[in-house]
Amino acid sequence: MSVSLDNPASVPAPFGDRFAHVARIPTGSGALLVLSGQVAVDETGQVLSPGNVGAQTTAIFEMVRDLLTAHGATLADVAHLRTFMRDLSRLPEYGQARNQFFPGPLRPASTTVEVSGLFLPGVELEVEVLAAV
């Protein structure tokens, strides 16, 4: 089994080319897509909507959607979300924005944890995604 790494042209590459957005693992009839943690930054590394959980969540899931599309997947293919938040008291803001992308009634398996900080000031959350296509 071989893993392929990708930064699709449809989404700005991680600033500084530090990592790949997507690791694709073939599974025989399909593939697992492991997405790097996504944060709300532009192609130059500037934080989008500093401090705004709802706007950052929207920006993150728009990027996730574009990354999945580049690999023939959709948000319906998402199996698991892992979310790191600086302040869990803001979970309702995250949930409201996230649920626009995953309307339910069942949503992907999910883990959400509070962390003391993320790598850029103003970044409120980071989301990792596992999808099957």
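Owing to the predicted nature of the structure, the values given are computational and were not obtained by experimental measurement.

What counts and how
- Residues numbered from 1 in each chain as written.
- Predicted model: local features only at pLDDT ≥ 70, side-chain atom pairs only at ≥ 80, totals over all residues.
- Heavy atoms only, no water.
- Helix = DSSP H or I, 4+ residues; strand = E, 2+ residues; numbered from the N terminus.
- Buried < 20%, exposed > 50% of the residue type's maximum accessible area, 1.4 Å probe, protein only.
- Contact = heavy atoms within 4.5 Å.
- Expected span 1.5 Å × (residues − 1).
- Polar contact = N/O pair within 3.5 Å; in protein donor to acceptor, adjacent residues only side chain to side chain.

Novice: Explain the side chain of His80 here, please?
Specialist: When you line up the elements, His80 lands in strand β4 (residues 78-85). On the accessibility criterion, His80 (18% relative accessible area) is buried. In contact with His80, other than residues within four places in its own chain, are Pro108, Ala109, Ser110, Thr111, Glu128, Val129 and Leu130.

Novice: Looking at this model, I keep getting lost on helix α1 (residues 53-69). Mind explaining?
Specialist: The α-helix advances 3.6 residues per turn, and as a result positions three or four apart in sequence lie on the same side. A rise of 1.5 Å per residue sets the reference length of α1, with its 17 residues, at 24 Å; its end C-alpha atoms lie 24 Å apart and thus fit the reference within 8%. Regarding α1, the residues found buried are Val53, Gly54, Gln56, Thr57, Ala59, Ile60, Phe61, Met63, Val64, Leu67 and Leu68. Against the buried residues of α1 lie β2 (22-26), β3 (31-38), β4, α2 (91-98) and β6 (125-132). A distance of 3.2 Å separates the backbone nitrogen of Gly54 from a side-chain oxygen at the start of α1, and that oxygen is part of Asn52.

Novice: How do you make sense of unusual backbone geometry when you look at a structure like this?
Specialist: For residues besides glycine, phi is generally negative; the peptide bonds are generally trans as well. Put simply, Gly104 and Pro105 share a cis peptide bond, and its omega is 15°. Secondary-structure assignment places Pro105 in the loop between α2 and β5 (109-114). Positive phi, close to 50°, is recorded for Ser49, a residue that is not glycine. Note on placement: Ser49 falls in the loop between β3 and α1. Ser49 sits in the partly exposed class, given a relative accessible area of 34%.

By themselves, these figures tell us nothing about what the structure is for.
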